[in-house]
Amino acid sequence: TRQHGEAQRLEAELVGARVEERMRKEKILRLAKGFRGRAKNCFRIAINRVEKALQYQYRDRKAKKREARKLWIQQINAATRQHGVIYSQFMHTLAKDNIKLDRKTLSDLAINEPHSFKALVDRVKFMRGPNGIE
């Protein structure tokens, strides 16, 4: 009976390992859903493609934030130049005047609230003085 119990335990471990392996393969193939060719249903190919896709995903989450910031800066620059102020001078003077608005908010103001944004630009012009010199 002792040997019988040992055999059952080994069989349970083996079955458990098979279940874990199947679950791992199913997870990879689930992540590969929508891929082209054998990458969607052939495990050996799918595992490489999924790994690379996850690398791209990580990289592009960072790039998305950079792209958004670049867009906000372009929008602020375009709006400030309409009022005769350069972006860098605008941001510098805001920081000096302790006006703590981030670029996302300033961009939103420039697009959706042009009068409020103009008030900020006028404040910057006032702070810079009559000749535009600090």
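Located above this text is the structure these notes cover.
In this report, the structure presented in the accompanying data block is examined. Here the structure is a predicted model, which means the values were calculated and not measured.

**Notes on the nonpolar core**
At step 1: With 14 residues, the main nonpolar core has Ile76, Phe90, Met91, Leu94, Leu106, Phe117 and Leu120 as its most contacted residues.
At step 2: Listing elements by their share of this core, those giving two or more residues are helix H2 (43-82), helix H3 (87-96), helix H4 (103-112) and helix H5 (114-128).
At step 3: Excluding residues within four positions of it along the chain, Leu120 makes contact with Phe90, Leu94, Ile99, Leu101, Leu106 and Leu109.
At step 4: If you look at the next biggest cluster of nonpolar residues, it comprises seven residues, including Ile28, Ala32, Phe35 and Ala39.

**Description of the packing of aromatic side chains**
At step 1: Counting across every chain of the model gives one aromatic pair.
At step 2: Centroid distance Phe90 to Phe117: 5.5 Å. Interplanar angle 45°. Geometry classified as tilted. Residue Phe90 is found in helix H3, and its partner Phe117 is found in helix H5; the two are separated by 27 residues along the sequence. Across the pair, Phe117 and Phe90 agree in class, each one buried.
At step 3: Taking the ring centre of Phe43 as reference, the NZ or CZ of Lys25 above it sits at 5.3 Å.
At step 4: In this structure, Arg49 packs its charged tip against the face of Phe35, placed 5.3 Å from the ring centre.

**Side note on unusual backbone geometry**
At step 1: The phi angle at Asn98 is positive, at roughly 60°, despite the residue not being glycine.
At step 2: Tracing the backbone through its elements, the reader meets Asn98 in the loop between H3 and H4.

**Structural notes on the environment of Phe43**
At step 1: Take Phe43: it is sitting in helix H2.
At step 2: The class of Phe43 is buried, set by a relative accessible area of 17%.
At step 3: Between the alpha carbons of Phe43 and Glu26 there is a distance of 9.0 Å; along the sequence they are 17 residues apart.
At step 4: Residues within four places of Phe43 in sequence aside, it is in contact with Arg24, Lys25, Ile28 and Leu29.

**Description of H5**
At step 1: Under the 1.5 Å per step criterion, the end-to-end length of H5 is 21 Å for 15 residues, consistent within 8% with the ideal 21 Å.
At step 2: The complete set of buried residues in H5 reads Phe117, Leu120, Val121, Val124 and Arg128. Down the axis, H5 shows its buried residues gathered within 95° of arc, on one side only. Residues His115 and Phe126 are exposed on H5 and point more than 90 degrees away from its buried face.
At step 3: Residues of H5 that are buried make contact with H2, H3 and H4.
At step 4: Just past H5, the residue Gly129 takes up positive phi, approximately 95°.

Calculation notes
- Every chain's residues receive numbers from 1 upward, in the order its sequence appears when written.
- At least 70 in pLDDT is required for a residue's local features to be given in this predicted model, at least 80 for side-chain atom pairs to be given and counted, and no such filter applies to totals for whole chains, interfaces and linings, which use all residues.
- Only hydrogens and water are set aside; all other atoms, that is, all heavy atoms of the structure, feed into the side-chain values.
- Buried Ala, Val, Leu, Ile, Met, Phe, Trp, Tyr and Cys residues that are joined via side-chain atoms within 4.5 Å together make up what is termed a nonpolar core.
- Residue burial is assigned from relative accessible area. The probe radius is 1.4 Å, only protein chains are included, and a residue is buried under 20% of its type maximum, exposed over 50%, and partly exposed in between.
- Secondary structure is summarised from DSSP: a helix means a run of H or I of at least four residues, a strand means a run of E of at least two, and numbering begins at the N terminus for each.
- The contact definition used throughout considers only heavy atoms, calling two residues in contact when any of these lie within 4.5 Å.
- Within 6.5 Å between ring centres, the rings of Phe, Tyr and Trp (the latter by its six-membered ring) count as paired, and their orientation is classed by plane angle as stacked under 30 degrees, edge-to-face over 60, tilted in between.
- Only lysine NZ and arginine CZ atoms are considered, and such an atom sits over a ring when it is within 6 Å of the ring centre and within 35 degrees of the ring normal.
- Each residue after the first adds 1.5 Å to the expected span of a helix.
- By definition, the arc is the one covered by directions from the helix axis to the C-beta atoms.

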